[in-house]
Every structure is written in structure tokens, then in C-alpha cells.
Amino acid sequence: VLFMKQSQKHFFLLGLLILLVTTSWSQVEATERNKKNSYVLQKHNKWINDFENLMSDSQERTLDSLVRSFERSTSIEIMVITLDSTYTTGDNFDRYILDIHNRWGVGKKESNNGIVIGVSSSLRKIRINNGYGIEKRMTDKETKTIIDEFIIPEFRKSYYFEGIKKGIHALIARLQ
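Source: prediction; values computed, not measured. (Residues numbered from 1 in each chain as written. Predicted model: local features only at pLDDT ≥ 70, side-chain atom pairs only at ≥ 80, totals over all residues. Heavy atoms only, no water.)

> What am I meant to see in helix H6 (residues 160-175) here?
In this model, H6 (16 residues) spans 22 Å end to end at C-alpha, consistent with the 22 Å of a helix rising 1.5 Å per residue. Of the residues making up H6, those classed as buried are Tyr160, Phe161, Gly163, Ile164, Gly167, Ile168, Ala170, Leu171, Ile172 and Leu175. In this structure, the buried residues of H6 make contact with helix H2 (57-74), strand S2 (77-82), strand S3 (114-120), strand S4 (125-130), helix H4 (132-135) and helix H5 (140-155). (Helix = DSSP H or I, 4+ residues; strand = E, 2+ residues; numbered from the N terminus. Expected span 1.5 Å × (residues − 1). Buried < 20%, exposed > 50% of the residue type's maximum accessible area, 1.4 Å probe, protein only. Contact = heavy atoms within 4.5 Å.)

This is the structure we're talking about:
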């Protein structure tokens, strides 16, 4: 009986130790995610924000030039952000992109005409978030078609720049 109580005590202590280590690890992970999130959620002055490093600097400049030119001719703002899994989870990805859209104020305030393309290759997620002014001109079904027909086929080949570029061109063609 004494032996059983002693092993139960050791088992209890081992379980407690595992719980403490797991909790500490989760807190460290959450703290790191919060640091990254607070940085990302700050307003950035770039249209192309590649935090996942899916594109070269030259490719980012090409996309930036494309969306800047479109914004000058139409006032519609298109912003791209890529995030790895350390920024958010798969379950929260869509909400996170919406939060970025709102916090960064993508689109002209009076016409709410902003578009945010959110990509995470590590989470295997993509979202195009349209401001209310865009939703009047392009349905969610049309946005999904752009993702399915222009972006995803390139992403399946790990051609992220090409997929994003084709998606932007499809958005531009649909909105002009």
C-alpha cells in the first residue's frame, strides 16, 4: 500500500510538471504571436506586405506598381499581405485579414473601396476581403471564382507571385 501511494505521488508530480511545461510553452508561443501581431496590425505604408517572404523584392515592386497604377486611375485600393503560421491560426485567418483591412483603413473612407488579399502558404489559406463599396460591384461568388481560377492553380505549383499577380489582374479586369 505504501508503494502504491508513493508511485501515485510520483505520477501526480510528473503530471503536474508536464502541465506546467505545456502551459509555459503555450504562453511563450502566445506572447511571441502577440508581439508579431502588434507589429503587423500597425498601419503600414506599403501595398505589398510579404511577411511570409514568398516573393523577391523585384516581384514586390512589380505588384506594388500594378496596384498603385490602378489606385491612381480608379481610387480603388488593393493591398496584399502574406503571413506565416506564427501570426495567426487557420481558424482565425479570415478574421485576422478583416481586422487588418479595418485597422489599416484600406480603401477610401467615403467610398469604402478597399480590397485586401491575405495569403498564408503555411496555413494553406487565402482570402480576398472586399470593402462594402467593392461588394456593390463584385459579388462574393465572383471573388471566389478569381481565387479558384487564377490564384490557386499557381499556388499549387508554389508560384505565389504569379498567383497573386494573376489574381490582381483578374480583380482589375472585373472592376474597370
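Having seen it, we continue.
> Quick question: what am I supposed to make of the pattern of salt bridges here?
For side chains of opposite charge, pairing can occur when their charged atoms come near one another. Counted by the stated rule, this structure contains eight salt bridges. The partner of aspartate 64 in a salt bridge is arginine 68, and the shortest N-O contact between them spans 2.6 Å. Residue aspartate 64 and its partner arginine 68 are located together in helix H2, separated by four residues, close to a single helical turn. Here lysine 108 makes a salt bridge to glutamate 71, at a shortest N to O gap of 2.6 Å. (Salt bridge = Lys/Arg side-chain N within 4 Å of Asp/Glu carboxyl O.)

> Please clarify how the packing of H5 against H6 should be interpreted in this entry.
Relative placement of two packed helices is described by the angle separating their axes and the distance separating the axes. Interhelical geometry of H5 versus H6 gives an angle of 155° and a closest axis separation of 7 Å. The orientation of H5 with respect to H6, classified from their angle, is roughly antiparallel. Crossing geometry of H5 relative to H6 is assigned as right-handed. Contact residues: Glu142, Ile146, Phe150, Ile151, Glu154 and Phe155 in H5; Tyr160, Glu162, Gly163, Ile164, Lys166, Gly167, Ala170, Leu171 and Arg174 in H6. For the contact of H5 with H6, the residue count by class is eight nonpolar, two polar and five charged. (Axes fitted to C-alpha atoms, helices over the stretch in contact; angles between N-to-C directions. Parallel < 35°, antiparallel > 145°, perpendicular 65-115°, else oblique. Left-handed = near helix turned anticlockwise from the far one by under 90°. Nonpolar A, V, L, I, M, F, W, Y, C, P; charged D, E, K, R; others polar.)

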